[in-house]
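# Topology and contacts: notes
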Amino acid sequence: MKYQLNQLAVKTTNHFRVNHFEVELEKPVVKEIAEYKIEGLGKNQLKIKQTIKDKKMDTRIGLSFDKYLEVKITVPKGTMIKEPIQLIYQFQKEQSLPSIIMIHYEESSSANFIVKYESVDSFVHWNYTKENVVLEENAKGNITYWNHLNHNSINMIAFEGEVHDNSELTHNLIDYGGNIRVYNAFIENKGYQANNFFNMIYIGKEKNKIDINFDFKNISKKSINRLVVEGALSDWAEKIFRGTIDFKKGSIDAVGEENENCVLLSDTCRSRSLPMLLCEEESVVGSHGESSGKVSKDKLFYLMSRGFSKKEAEHFIVMANFNRILNEIPDEKLQEEIKETISSEI
């Protein structure tokens, strides 16, 4: 069946071909839901509830499922957990995972989460996750998603969140598994000096299709939205990126920044991007940047003149771009594991 997913809230000319993502999909009948395990020394300080829901789940991506796994996690008031807590979802055979992950940071709490999706075989796996995160006053959250599914699978994640007074939310999305990948993020800075930072890495190869639609809103005074995306495409891979930062009325002295950089490693891959700034307030600072192209000839010459092959030089340059984001992950062991894994994919 043909679907139109990730539709832009504020449409642009059809000539850009970014108003939606059109794709042929066979949505699975949910028979068996993939299991997960939770690890980390701080897990006993959390309130965790898991339920299988037999009702409709919708997201801004545009698909719905009639059965899903709901995981509710509460970080209690004043609780500060330094050790990262991992949610590891392992897919095998014909398992799929429609799920909602709800993370509630109560006042003055702090915790780091790592959500990992991995395949243990070569079956086509479906992951369709909706994250809903709320940060109350003076909370700090860091959430890393690592898509480690096999290259036959389908991965879709819809992020929804709200950040309140003097709180800070950071997402790190590391994406390289799956043939079709769709991401949607809708996050609102609702409080004074509320900060939302979103970092993403993607790798596309073969005939991968990647679609990204982020919409961040500054609603309050002195709030910050910052989006950084680094990607690399090769073979016949295709990617669409849309990034919107919206300054609503009342967001005085707010800041919005977005930057996307895509390195093209073949003549047959395709990248389309649309960064947007929307503004209803005068006293704000907004900026956006987008670049797509092959590796700089000067950089290639510099490295190749020192004995590296062209492929090795391209590899070093792309990894240097990625490292700026990978170094933000609050777990050195995981940093090295991801670096080693994605380095072999370039």
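This section reports on the structure supplied with the text. Quick caveat, the model's predicted, so the values are computed rather than measured. (Residues numbered from 1 in each chain as written. Predicted model: local features only at pLDDT ≥ 70, side-chain atom pairs only at ≥ 80, totals over all residues. Heavy atoms only, no water.)

Let's shift gears to the overall build of the chain. Of regular secondary structure, the chain possesses three helices and 22 strands. With the C-alpha coordinates aligned to their principal axes, the bounding extent of the chain is approximately 55 × 55 × 40 Å. The burial tally for the chain puts 55% of its 346 residues in the buried class. A separation threshold of at least 6 residues defines the contact pool for the chain, and within that pool the share at least 24 residues apart is 80%. Surface summary for the chain: the accessible area is close to 15,700 Å², and the carbon and sulfur share equals 47%. (Helix = DSSP H or I, 4+ residues; strand = E, 2+ residues; numbered from the N terminus. Buried < 20%, exposed > 50% of the residue type's maximum accessible area, 1.4 Å probe, protein only. Contact = heavy atoms within 4.5 Å. Areas by Shrake-Rupley, 256 points an atom, 1.4 Å probe, with all protein chains shown as cover.)

Across all of its chains, the model carries eleven aromatic pairs by this definition. Both rings, one in tyrosine 105 and one in phenylalanine 113, keep their centres 6.2 Å apart while their planes meet at 80°; by these two values the pair is edge-to-face. Aromatic rings pair up to connect Tyr36, Tyr89, Tyr117, Tyr145, Phe159, Phe198, Phe214 and Phe216 into one cluster. The ring of phenylalanine 65 has lysine 27 lying over it, and the distance from NZ or CZ to the ring centre is 5.2 Å. Its guanidinium or amino end placed over the ring of phenylalanine 186, arginine 60 lies 3.8 Å from that ring's centre, counting from NZ or CZ. (Phe/Tyr/Trp six-rings, centres within 6.5 Å; stacked < 30°, edge-to-face > 60°. Lys NZ or Arg CZ within 6 Å of the ring centre and 35° of its normal.)

Quick look at the sheet that holds strand 21 (residues 270-279) now. Spatially, the nine strands line up as an open sheet ordered 4-7-9-11-13-15-17-19-21, and their pairing is mixed. Each edge of the open sheet carries a strand with a single partner, namely strand 4 (47-53) and strand 21. Each strand of the sheet is rotated relative to its neighbour by a mean of 10°, with strand direction disregarded. Summarising the sheet, strand 4 and strand 7 (residues 68-75) pair through seven bridges and their orientation is antiparallel. Of the residues in strand 7, the one forming a bridge with lysine 53 is tyrosine 68. (Pairing = 2+ DSSP bridges. Axes fitted to C-alpha atoms, helices over the stretch in contact; angles between N-to-C directions.)

The next subject is the pairing of strand 1 (residues 2-5). Judged by which residues are buried, strand 1 turns out to be one-sided: Tyr3 and Leu5 face inward and are buried, whereas Lys2 and Gln4, on the alternate face, are not. Note that strand 1 and strand 2 (residues 21-24) share four bridges and pair antiparallel. Residue tyrosine 3 lies in a different strand from strand 2, and its bridge partner there is valine 23.

Now for the sheet that holds strand 12 (residues 140-148). Read from one edge to the other, the open sheet built from nine strands follows the order 3-8-10-12-14-16-18-20-22, with strand pairing classed as mixed. Each end of this open sheet is capped by a strand with a single partner; those strands are strand 3 (35-39) and strand 22 (285-293). If you compare each strand with its neighbour and ignore which way they point, the axes differ by 10° on average. Sheet topology note: the strand 12/strand 14 (residues 168-175) ladder contains eight bridges and is parallel. In the strand pairing of strand 14, glycine 141 is matched with leucine 169. Together, strand 14, strand 16 (195-204), strand 18 (224-233) and strand 20 (255-264) form the strand contacts of helix 2 (residues 310-326), whose direction differs from that of strand 18 by roughly 150°. The strands touched by helix 3 (residues 332-343) are strand 10 (110-119), strand 12, strand 14 and strand 16; relative to strand 12, the strand with the most contacts, the crossing angle is about 30°.

Now for the pattern of salt bridges. Following the criterion strictly, the structure yields 21 salt bridges and no others. One salt bridge connects glutamate 238 with lysine 209, and the closest N-O pair in it is separated by 3.5 Å. With glutamate 238 in strand 19 (residues 238-247) and lysine 209 in strand 17 (residues 209-218), this residue pair connects regions lying 29 residues apart in the sequence. One salt bridge connects lysine 248 with aspartate 246, and the closest N-O pair in it is separated by 3.5 Å. Using a relative accessible area of 24% as the deciding quantity, one classes lysine 248 as partly exposed. According to the relative accessible area criterion, aspartate 246 is buried, its value standing at 5%. (Salt bridge = Lys/Arg side-chain N within 4 Å of Asp/Glu carboxyl O.)

Let us look at the nonpolar core. Counting residues in each nonpolar core, the largest one holds 71 residues, and the members touching the most others are Leu25, Tyr89, Tyr105, Phe113, Tyr117, Met156 and Phe214. Among the elements that make up this core, the one with the highest residue count is strand 13 (residues 154-163) (six residues). Beyond its immediate chain neighbours, meaning those up to four positions away, phenylalanine 214 contacts Tyr183, Asn184, Ala185, Phe198, Met200, Leu227, Phe241, Arg242, Gly243 and Thr244. By size, the runner-up hydrophobic cluster in this structure holds 21 residues, among which are Ile201, Ala232, Leu300 and Ile342. (Core = buried A, V, L, I, M, F, W, Y, C linked by side-chain atoms within 4.5 Å.)

All right, on to helix 3 then. Turn by turn, an α-helix covers 3.6 residues, leaving residues three or four places apart pointing in a common direction. The terminal C-alpha atoms of helix 3 lie 16 Å apart, and with twelve residues this matches the ideal 16 Å at 1.5 Å per residue to within 8%. Every buried residue of helix 3 is accounted for by Leu334, Gln335, Ile338, Lys339, Thr341 and Ile342. On its buried face, helix 3 is in contact with strand 10, strand 12, strand 14, strand 16 and helix 2. Between a side-chain oxygen at the N-terminus of helix 3 and the backbone nitrogen of lysine 333 the separation is 3.1 Å; the capping residue is aspartate 331. (Expected span 1.5 Å × (residues − 1). Polar contact = N/O pair within 3.5 Å; in protein donor to acceptor, adjacent residues only side chain to side chain.)

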